[in-house]
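Results of the structural survey
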Amino acid sequence: LTLDPLIGAISAGNTVVIKPSELAPACSSLLSSTIPLYLDNKAVKIVEGGSDIAQELLQQQWDKIFFTGSPRVGRIVMSAAAKHLTPVTLELGGKCPVILDSYSGSDLKSAVKRIAGGKWGPCAGQACIGIDYLLVQQKLAPVLIESLKRCIKRFYGDNVQNLQSICRIVNKNHFDRICNLLEEPGVAASIIYGGSLDRENLMIEPTILLDPPLDAQIMTEEIFGPLLPIITLDKIEESIDFINARPKPLAIYAFTNDKKLKDRILQETSSGSVTFNDTIIQFICDALPFGGVGQSGFGRYHGKYSFDTFSHEKGVLHRSFFPELEPRYPPWNDFKLEFIRLAYNFDYVGLLLHLLGLRRLFIPNRAR
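Residues numbered from 1 in each chain as written. Predicted model: local features only at pLDDT ≥ 70, side-chain atom pairs only at ≥ 80, totals over all residues. Heavy atoms only, no water.

**Details of the UniProt feature "domain: Aldehyde dehydrogenase" (unreviewed entry) in the protein chain**
UniProt records the feature "domain: Aldehyde dehydrogenase" (unreviewed entry) for residues 6–314 in the present numbering. Taken end to end, residues 6–314 comprises 38% helix and 17% strand; its first and last C-alpha atoms sit 22 Å apart. (UniProt positions renumbered as here; feature names shortened; annotations may be inferred. Helix = DSSP H or I, 4+ residues; strand = E, 2+ residues; numbered from the N terminus.)

As structure tokens, then:
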């Protein structure tokens, strides 16, 4: 998330100042110690520090600001940029849903593996494009839940003390924030799998919740952690209204082979991206633009789009001194006004006849 836009900025000919997140001090230290070994220190600077340093940086005048983080901090960045009319790209995330249509057999097995891998694989859900909640028909929920349980045990284990292939929560503040999501009475009662905590090691067991209250924080704020609410619907088509009733997500993941449903998702919802029958994989496709819409951010990058994001397309026009068209200049008369009208309408034949004085001969009764 730091190096990808950096590549685009450098390739577009910019000098760059990087401010890594203080919430991941090990990554920040790695970037600070490694990048100067390979890149020109006059062209790429790394500034470490907390929010006070970020505020100082935002007071400066930049040609472009690129920010990845939460909507709350995104508003701070945008407000600071507005003082200097600095263009901004915001990558903010949001509540990315999965829509699971009717599947069975090997297709269901593959879908569940991709959902489990997309939810708990990328930093235990601590990813802007990570799955936030899942929408499924009520009659299919029991089969889905049992399949998810088996997949979790196979991928990550079933004991919070011995979890494998899954990362811990980034820090204590975020650990407590996720725990608070589970402590609301209605939410705690909806836990059907997992929920165990290891505060000392900042580990949270992959957790499944069934139909938690829709007005609870877990369903109104981005989870950014290993909790998966499953929301049941009478018909899978109701998922479109459910998504549209909430802020626009960074990504929608839809598992379906129904072309009509695919078309409705594309035409009737708004999101940064839509991926059918897989999760997360769109992030590594450089041929696709990556970015949000609405509360999930704006602007895009990846591949050529990163170059475009950090570029300004300057219009350049070269002209000669011939021909010099006098109808451009006052004083105005009927000939000049007619010339301008014909040019405005791209009437090249009329222009030629007008310049040769033949237009009245060919069009004697033309409307003015």
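**A few points about the sheet that holds strand S4 (residues 88–91)**
The strand order across the open sheet formed by three strands is S3-S4-S14, and the pairing between neighbours is mixed. Among the strands making up the open sheet, the edge pair consists of strand S3 (65–68) and strand S14 (297–298). Relative to S4, S3 runs parallel, the two sharing four bridges. The residue of S4 that forms the bridge with Ile65 is Val88. (Pairing = 2+ DSSP bridges.)

**A short note on the sheet that holds strand S5 (residues 96–100)**
Across the sheet, seven strands lie side by side as S7-S10-S11-S6-S5-S12-S13; this open sheet has mixed pairing. Among the strands making up the open sheet, the edge pair consists of strand S7 (191–193) and strand S13 (274–276). Across the sheet, the axes of successive neighbouring strands diverge by a mean angle of 25°, strand direction being ignored. Helix H11 (residues 259–268) contacts S5, strand S12 (252–255) and S13 of the sheet and is inclined by roughly 170° relative to S13. (Axes fitted to C-alpha atoms, helices over the stretch in contact; angles between N-to-C directions. Contact = heavy atoms within 4.5 Å.)

**Thoughts on the side chain of Ser273**
If you trace the backbone, Ser273 turns up in the loop between H11 and S13. Of the residues examined, Ser273 reaches a relative accessible area of 16% and is grouped as buried. (Buried < 20%, exposed > 50% of the residue type's maximum accessible area, 1.4 Å probe, protein only.)

**Details of the environment of Lys260**
Its place among the elements puts Lys260 in helix H11. Along the chain, Lys260 and Thr89 lie 171 residues apart, while their C-alpha atoms are 34 Å from each other.

**As for helix H5 (residues 105–120)**
The first and last C-alpha atoms of H5 sit 23 Å apart over 16 residues, in line with the 22 Å expected at 1.5 Å per residue. Of the positions making up H5, those classed as buried are Leu108, Ala111, Val112, Ile115, Ala116, Gly118, Lys119 and Trp120. Looking at the buried residues of H5, the elements they touch are S5, strand S6 (131–137), helix H6 (141–156), strand S10 (207–210), strand S11 (227–233) and S12. (Expected span 1.5 Å × (residues − 1).)

**Describing the pattern of salt bridges**
One pass over the structure, following the stated rule, counts nine salt bridges. Here Asp132 and Lys95 are joined by a salt bridge, their closest N and O atoms 2.4 Å apart. Taken together, the positions of Asp132 in strand S6 and Lys95 in the loop between S4 and S5 put the pair 37 residues apart, joining distant regions of the chain. The exposure classification of Asp132 matches that of Lys95, with both residues buried. (Salt bridge = Lys/Arg side-chain N within 4 Å of Asp/Glu carboxyl O.)

**Quick look at the domain arrangement of the protein chain**
Split into domains, the protein chain comes out as domain 1 (2–93 + 306–310), domain 2 (97–288) and domain 3 (326–361). Using only C-alpha atoms to locate each centre, domain 1 and domain 3 end up separated by 54 Å. (Domains from an automatic or database assignment.)

**So, the nonpolar core**
Grouped together as the largest cluster of nonpolar side chains are 38 residues, with contacts concentrated most on Leu100, Trp120, Leu134 and Leu148. Elements with a contribution of two residues or more to this core: S5, H5, S6, H6, S11 and S12. Counting residues per element, this core draws most heavily on H6, at seven residues. Residues contacting Trp120, with those up to four places away along its chain left out, are Gly125, Leu148, Ile152, Tyr156, Ile166, Pro206, Thr207, Ile208, Pro226, Leu227 and Leu228. In this structure, Ile178, Leu181, Ile204 and Phe242 belong to the second largest nonpolar core, which totals 28 residues. (Core = buried A, V, L, I, M, F, W, Y, C linked by side-chain atoms within 4.5 Å.)

**Focus: the environment of Lys248**
By the secondary structure assignment, Lys248 is in the loop between helix H10 (238–244) and S12. A C-alpha to C-alpha distance of 8.3 Å links Lys248 and Thr269, two positions 21 residues apart in sequence. Once you skip the residues sitting within four places of it in the chain, Lys248 turns out to touch Ser270, Val293 and Ser296.

**Some details on empty space enclosed by the protein**
Counted under the stated rule, the structure contains one cavity of 30 Å³ or more. The space that makes up the largest cavity amounts to roughly 40 Å³. When grouped by side-chain class, the residues that make up the lining of the largest cavity number four nonpolar, three polar and three charged. (1 Å grid on protein atoms, 1.4 Å probe; cavity = no way out; pocket = protein on both sides within 12 Å on 5 of 7 lines; lining within 4 Å. Points joined across faces, edges and corners; volume = space filled by probe spheres on them. Nonpolar A, V, L, I, M, F, W, Y, C, P; charged D, E, K, R; others polar.)

**With respect to unusual backbone geometry**
A cis amide bond links Phe322 to the next residue, Pro323, at an omega of 0°. Tracing the sequence through the fold places Pro323 in the loop between helix H12 (304–309) and helix H13 (334–344). The linkage connecting Pro330 with the following residue, Pro331, adopts the cis geometry, with an omega of 5°. The topology assignment puts Pro331 in the loop between H12 and H13. Phi at Phe224 takes a positive value of approximately 50°, unusual for a residue other than glycine. Classification of Phe224 by relative accessible area gives partly exposed; the value is 28%. Positive phi is not limited to glycine here, since Ile280 has a value of about 70°.

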